[in-house]
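Commentary on secondary and tertiary structure
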Amino acid sequence: MFPMPRHRLRRHLLTAVIAATGSLLVLSGCAGPATTPTADTDATLRVGLVLEPSDLNIRTTSGVALEQVLVDNVYQGLVSRTPDNEIIDTLAERHEVSVDGLTYTFVLRDGVTFHDGAPLTAADVVDSLTQVQQNAAFVDHLDLAQLQTVTAVDDRTVRLQLSSPDSDLLWALTGRAGLVLRSGADNDLSTTANGTGPFTLTSWKQGDSITVERNDDYWGDAPKVKEVVFSYIPDASSAVNATLAGEVDVQIGLDANLRDQVERADGLTIVEGKTTDKYTLAFNNQRAPLDDPLVRQALRTAIDHAAIVEAVGGAAALQYGPIPELDPGYEDLSDVVSYDPEAAKALLAQAGQEDLALTLTVPNHYGTAAANVLVSQFKAIGVTLTVDSVEFPTWLNDVYTNHDYDLSLVNHVEARDVRHWADPDYYFGYDNPTVQSLVAEARAATDPEVADDRLREAAALVSKDHAADWLYTGITLTVVRDGVTGFPTDFVSEHLDLRDVAVTD
């Protein structure tokens, strides 16, 4: 039998006491003033996650698993995002943008130090941004493509000069491209971190957990918990069992098909959160026969999206293009393609394809529900789909880096990432000069409405080219134990800013 969590044990004992003394309370007429639970500043918050990073180097290791833990908590940038995805000043006390959109000036906060005690200066910002700008091996290097120079006006003032306006620059600076690391630091980024954030990285037990601890010298309001342990539990059933056993206080990414098990338990709340999680069925646009738009259209026409949403437990919304509803430039593109197996067969015949066999490469932490539906639906139009379930590092190497795949299913969680469809070198292999021009125009626009219009046009072209299929936009389910407050529940696949989380006595 699993041990009863501490707070649930207290509640059961309290219930027993009330039941035993109920008559005495009635006779006395009152039970005394109510007390407000106080935050336990010595608490350890235990968070269950699905995907563990393969390396801790925030500069060169791809994947949002690293961002979930380190961005905002350990590393910070000049600006950051709120839980509502609004951009706010962070290491910058304030900033100004010139009327022509070419000059950004940031004034740094006073009294900010890195975890090793060194003070933050403008030189750290200049060095950090310049490295990302100049090193193509750094993740999100292209986000600073319009950045021309970064200069220190004085110890607390930094000026960014652009070659052309970039409507995405501030957004990019909230992510990896904008993180500020100490200039000249020689720590090994693969296993350690030296940031300015509210938590310090204390340990990484590979295959098990990452632990961060409150930074008592933090420049802002101190975190309300002493430490956070991120436990990695890739199997959905095991994650639920750990939650029910009280081994974690928060579980992120509850499998919707297991929702009933959690709802029947005491002391747990399931919160539905907003996301830009795009479960993307990628087609290798550079590999035959998927380089043929007719074949891609046939595969999309064979997909019953409603059946896939049902198979994954219903925690999803339909999406028919590369921009989800919460991102700029969204448009309902459901009229581009509809489920019609007979039409799909006709398209394959028109393309000269019969007895087509394809392989779907899927990271193994996603489960099998969506892939199984695709196998069945493709079989109905004469296409044999073989599912290759692989470890995530293998997916990164084979699919993301080497582009060695037919079809791939992966969750693209990043917001505002339509730019990938304008990059022919990205693993999609999609090359459309018109889309590239539209995305470039959107980026250079100083009027947000113009930018949105260009993105909308680009997204429609991508969908009409059937460059991929977007099975659904995820609705994230977060399980929160009673006594935990302030935990973010929107966009948690990307960033988990834990400064305001508290655990009550």
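Residues numbered from 1 in each chain as written. Predicted model: local features only at pLDDT ≥ 70, side-chain atom pairs only at ≥ 80, totals over all residues. Heavy atoms only, no water.

- As annotated in an unreviewed UniProt entry, the chain carries the name Peptide/nickel transport system substrate-binding protein and comes from Plantibacter cousiniae.
- The Subcellular location (unreviewed entry) comment attached to the chain in UniProt states, word for word, "Cell envelope".
- Quoted verbatim from the Sequence similarities (unreviewed entry) field of UniProt, the annotation for the chain is "Belongs to the bacterial solute-binding protein 5 family." (UniProt positions renumbered as here; feature names shortened; annotations may be inferred.)

Here's the deal with the packing of helix α12 (residues 433-444) against helix α13 (residues 448-464)
- As a packed pair, α12 and α13 sit with axes 8 Å apart at the nearest point and diverge in direction by 160°. The pairing of α12 with α13 is recorded here as roughly antiparallel in orientation. You can see that α12 and α13 cross each other, and the crossing is left-handed. Side by side, α12 and α13 meet where Thr434, Val435, Leu438, Val439, Glu441 and Ala442 of the first sit next to Ala451, Arg454, Leu455, Glu457, Ala458, Leu461 and Val462 of the second. (Axes fitted to C-alpha atoms, helices over the stretch in contact; angles between N-to-C directions. Helix = DSSP H or I, 4+ residues; strand = E, 2+ residues; numbered from the N terminus. Parallel < 35°, antiparallel > 145°, perpendicular 65-115°, else oblique. Left-handed = near helix turned anticlockwise from the far one by under 90°. Contact = heavy atoms within 4.5 Å.)

Focus: the nonpolar core
- With 35 residues, the main nonpolar core has Leu45, Tyr75, Val228, Phe230 and Phe487 as its most contacted residues.
- Of all the secondary structure elements, the ones that give two or more residues to this core are β1 (44-49), α2 (64-70), β8 (199-205), β9 (209-214), β10 (227-232) and β11 (250-252).
- If sequence neighbours within four positions are ignored, Phe230 has contacts with Val47, Leu49, Val69, Asn73, Asp208, Ser209, Ile210, Val212, Leu496 and Leu498.
- Counting 33 residues, the second largest nonpolar core, distinct from the first, contains Tyr279, Ala298, Val309 and Leu385. (Core = buried A, V, L, I, M, F, W, Y, C linked by side-chain atoms within 4.5 Å. Buried < 20%, exposed > 50% of the residue type's maximum accessible area, 1.4 Å probe, protein only.)

What about the sheet that holds strand β19 (residues 476-481)?
- Strand order in the open sheet made by the seven strands is β8-β9-β10-β1-β11-β19-β12, with mixed pairing throughout. Of all strands in the sheet, those with a lone pairing partner are β8 and β12 (268-273), marking the two edges. For this sheet, the mean inter-axis angle between neighbouring strands, taken without regard to orientation, is 20°.
- Two strands pair when backbone bridges link them, and β12 and β19 are joined in this way by six bridges, in the antiparallel orientation. (Pairing = 2+ DSSP bridges.)

Points about the side chain of Ser231
- By secondary structure assignment, the location of Ser231 is in strand β10.
- Assessed through its relative accessible area of 19%, Ser231 is described here as buried.
- Not counting residues up to four positions away in its chain, the partners in contact with Ser231 are Val47, Gly48, Leu49, Asp208 and Ser209.

Topic: the pairing of strand β16 (residues 384-390)
- Pairing of strand β15 (residues 357-363) with β16 involves seven bridges; the strand directions are parallel. In the sheet register, Pro363 faces β16, and the bridge partner there is Val390.
- Between β15 and its parallel partner β16, the chain crosses via helix α10 (residues 369-379), and the hand of that crossover is right-handed. (Right-handed = clockwise from strand over helix to strand, strands pointing away.)

Things to note about the sheet that holds strand β5 (residues 103-108)
- Read across the open sheet, the four strands follow the order β4-β5-β7-β6; overall the sheet is antiparallel. Across the chains shown, the open sheet's two edge strands, defined by having one partner strand only, are β4 (92-97) and β6 (147-154). Geometrically, the sheet is characterised by an average inter-axis angle of 20° between neighbouring strands, direction not taken into account.
- Direction of pairing for β5 relative to strand β7 (residues 157-162): antiparallel, over a ladder of five bridges. In the sheet register, Phe106 faces β7, and the bridge partner there is Val158.
- This element, helix α3 (residues 122-134), spans β5, β6 and β7 of the sheet and lies at about 170° to β6.

Re unusual backbone geometry
- The peptide bond linking Ala288 to Pro289 adopts the cis configuration, its omega dihedral lying at 0°.
- Topologically, Pro289 is positioned in the loop between β13 (278-283) and α7 (293-301).
- The phi dihedral of Asp355 is positive, around 55°, even though this residue is not glycine.
- Of note, Asp355 is situated in the loop between α9 (341-350) and β15.
- In the Ramachandran plot, His403 falls in the positive-phi region, its phi being about 55° despite a non-glycine side chain.
- Tracing the backbone through its elements, the reader meets His403 in the loop between α11 (392-401) and β17 (407-412).
- On the accessibility criterion, His403 (27% relative accessible area) is partly exposed.

Let's talk about the confidence of the model for the chain
- Here the chain averages 92 in pLDDT, while 93% of its residues score no lower than 70.
- Segment residues 1-34: pLDDT under 50, and 19 contacts once partners within four positions in sequence are set aside and those in other chains are kept. (pLDDT = per-residue confidence, 0-100.)

Some points on a negative patch on the surface
- Among the surface-exposed residues, Glu325, Glu331, Asp332 and Asp335 lie close enough to one another that they form a single negatively charged patch.
- If you trace the backbone, Asp332 turns up in the loop between β14 (316-317) and α9. (Patch = residues over 30% accessible without salt bridge, like charges linked within 9 Å, V, L, I, M, F, W, Y side chains within 5 Å. Areas by Shrake-Rupley, 256 points an atom, 1.4 Å probe, with all protein chains shown as cover. Salt bridge = Lys/Arg side-chain N within 4 Å of Asp/Glu carboxyl O. Lys, Arg positive; Asp, Glu negative; His and termini not counted. Charge placed at Lys NZ, Arg CZ, Asp CG, Glu CD.)

Here's the deal with the environment of Thr384
- Take Thr384: it is sitting in strand β16.
- Taking relative accessible area as the criterion, Thr384 reaches 48% and is therefore assigned partly exposed.
- When neighbours within four sequence positions are excluded, Thr384 is seen to be in contact with Leu356, Ala357 and Leu358.

Overview of the side chain of Asn284
- For Asn284, the position within the fold is in the loop between β13 and α7.
- A relative accessible area of 4% places Asn284 in the buried class.
- Of note is the side chain of Asn284, whose polar atom sits 3.2 Å from the backbone oxygen of His403.
- Dropping the residues within four chain positions of it, Asn284 is found in contact with Leu290, Asp291, His403, Tyr405, Asp406 and Phe428. (Polar contact = N/O pair within 3.5 Å; in protein donor to acceptor, adjacent residues only side chain to side chain.)

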